[in-house]
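# Architecture at a glance
Now for the letters of each chain:
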Amino acid sequence: ISQSFCIFLLLLPLRESEMNPKRCAACKYLRRRCPKDCIFSPYFPPNDPEKFACIHRIYGAGSVSKMLQQLPVQTRAEAVDSLCFEAKCRVEDPVYGCVGIIYLLQTQIQKAENLLAKTQAEIAVAQTKHSQTPKFDYM
Amino acid sequence: MGGPGSSPCASCKLLRRRCAKDCIFAPYFPPDDPHKFAIVHKVFGASNVSKMLQELPVHQRADAVNSLVFEANARVRDPVYGCVGAISYLQNQVSQLQMQLAVAQAEILCIQMQNEPTLQSHHQVLELDQDHKALLLQNNNNNNINNINNCNSNNNSNNLGYAMSSGQFNSNFASPSSIMQMQMQMQLQDPLKQESLWT
């Protein structure tokens, strides 16, 4: 028994070397082994399971994996963050998602442009009025 | 609608399956626009879209599909930032407009003070119309993140207005990353629902 136990102990490090010491949140969620070159592990640390759960709910692990594989490594972190953001927006607003935010911003821009035009017209009128009134010397 | 004798919808054509009479995709993905479903399937996956639509009341599904198509198109155009890139761009536009408005507002106040020399400028409350008061209030909320949490949750435009007038949102050219960090902390409640975005 002690021999088999020793063999088991010897084999343990070999198995551990095939995978990360701690599974990433994605592999934990998917209930699978987390390999050393897991595409998700740099972006889904095990201490934030909600992040992957949200993304998986909207996009699915396969789609996200494909998307990340098509991107250069240095852009993947930003891509994951933007996917998480959009997924969260979609969970909170299942009808419009983050498109609702775009619509609100466009409405704000339109209102601001109208107000700016109105204010600039008022400036023009006020400047005309100012140039027509006699100036007093206060000194 | 799919069914015997009629053309299968775009989704069933792409998925190479029989288009049932009650196919959930058929009303929104007509056979004459295969690209629409192709792009949604590429980004979200057919089963995810099906699940999302099933969770929605029927009268909201058309809008949901349109917003999904929009997001999918944005993601294909910009694989890194997707819609967040568009939000960042629009946010920068709002910031610039707010700065221009603040400058114009200051200018009009100066002119008004010059036109009315009898006023004690630093004690007199100038008459402002509602729009200008709202603008000054919004600008005074800059760098005050607490306003985001205290804003009226029933008013969508105020939600975003307060968020955008906060320091982090209104600071020089918000990057997609900073927007995502801020928005993740925000409670985006009661999103625009009253009327369809697509009418």
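Owing to the predicted nature of the structure, the values given are computational and were not obtained by experimental measurement.

### Some points on the overall build of chain B
A count of helices and strands for chain B gives 10 helices and 0 strands. In chain B, the succession of helices and strands from N to C terminus is α-α-α-α-α-α-α-α-α-α. Taking all 199 residues of chain B together, 43% fall into the buried category. Considering only contacts within chain B whose residues lie at least 6 apart along the sequence, 51% involve residues at least 24 apart. Of the roughly 10800 Å² that chain B leaves accessible, carbon and sulfur atoms contribute 51%.

### Comments concerning the environment of B:L14
All names here are of chain B. Mapped onto the fold, L14 is located in helix α1 (residues 10–15). Note on L14: relative accessible area 41%, which makes it partly exposed. For the pair L14 and P34, spaced 20 residues apart in the sequence, the C-alpha separation amounts to 7.7 Å.

### Here we look at the packing of aromatic side chains
Residues and elements named next belong to chain B. Applying the stated criterion to the full structure yields 8 aromatic pairs over all chains. Both rings, one in F25 and one in F37, keep their centres 5.2 Å apart while their planes meet at 65°; by these two values the pair is edge-to-face. Linking F25 in the loop between α1 and α2 (34–43) with F37 in helix α2, this pair joins segments that are 12 residues apart in sequence. Residue F25 shares its accessibility class with F37, and that shared class is buried.

### Considerations on the pattern of salt bridges
Counted according to the given criterion, the structure contains 4 salt bridges over all chains. Across the salt bridge formed by A:E86 and B:R75, the nearest N and O atoms sit 3.0 Å from each other. Of the two residues, A:E86 sits in helix α5 (residues 73–92) while B:R75 sits in helix α4 (residues 58–77), which places them in two different chains. The class for A:E86 is buried, based on a relative accessible area of 1%. Notably, a salt bridge pairs A:K88 with A:E92, separated by 3.6 Å at the nearest N-O pair. You can see A:K88 and its partner A:E92 sitting in helix α5, 4 residues apart, about one turn around the helix. Owing to a relative accessible area of 30%, A:E92 belongs among the partly exposed residues under this scheme.

### Re the packing of helix α4 (residues 61–69) of chain A against α5(A)
Two packed helices can be described by the angle between their axes and the distance between those axes. All names here are of chain A. At a minimum axis separation of 10 Å, α4 and α5 run at an interaxial angle of 150°. Considering the relative orientation of α4 and α5, their crossing is right-handed. Here α4 contributes V64, M67, L68 and Q69 to the contact with α5, which in turn contributes R76, A79, V80 and L83. Taken together, the residues that form the contact of α4 with α5 break down as 6 nonpolar, 1 polar and 1 charged.

### Considerations on the environment of A:V80
Residue and element names in this part refer to chain A. One can find V80 in helix α5. With 36 residues separating them along the chain, V80 and F44 place their C-alpha atoms 8.9 Å apart. Ignoring anything within four residues of it in the chain, the contact list for V80 reads Y43, F44, K51, I55 and L68.

### Quick look at the confidence of the model for chain B
All names here are of chain B. Mean pLDDT over chain B: 72, with 56% of residues reaching 70 or higher. Element-level pLDDT for chain B is lowest in helix α9 (residues 167–170), with a mean of 34, against a maximum mean of 96 in α4. For residues 140–174, every residue scores under 50 in pLDDT, and the model assigns this stretch 74 contacts once sequence neighbours within four places are set aside. Reported confidence for the predicted complex is 0.76 by ipTM and 0.70 by pTM.

### Considering the nonpolar core
Ranked by size, the top nonpolar core spans 53 residues in total, and within it A:F40, A:F44, A:Y59, B:F25 and B:F44 carry the most contacts. When residues of this core are traced back to their parent elements, those giving at least two are α2 (25–30), α3 (49–58), α4 and α5 of chain A together with α1, α2, α3 (46–54) and α4 of chain B. With near-sequence residues (within four places) excluded, A:F44 lies in contact with A:C24, A:A25, A:A26, A:K51, A:F52, A:I55, A:V80 and A:C84.

Definitions and limits used
- Residues numbered from 1 in each chain as written.
- Chains lettered and ligands numbered in written order.
- Predicted model: local features only at pLDDT ≥ 70, side-chain atom pairs only at ≥ 80, totals over all residues.
- Heavy atoms only, no water.
- Helix = DSSP H or I, 4+ residues; strand = E, 2+ residues; numbered from the N terminus.
- Buried < 20%, exposed > 50% of the residue type's maximum accessible area, 1.4 Å probe, protein only.
- Contact = heavy atoms within 4.5 Å.
- Areas by Shrake-Rupley, 256 points an atom, 1.4 Å probe, with all protein chains shown as cover.
- Phe/Tyr/Trp six-rings, centres within 6.5 Å; stacked < 30°, edge-to-face > 60°.
- Salt bridge = Lys/Arg side-chain N within 4 Å of Asp/Glu carboxyl O.
- Axes fitted to C-alpha atoms, helices over the stretch in contact; angles between N-to-C directions.
- Left-handed = near helix turned anticlockwise from the far one by under 90°.
- Nonpolar A, V, L, I, M, F, W, Y, C, P; charged D, E, K, R; others polar.
- pLDDT = per-residue confidence, 0-100.
- Core = buried A, V, L, I, M, F, W, Y, C linked by side-chain atoms within 4.5 Å.

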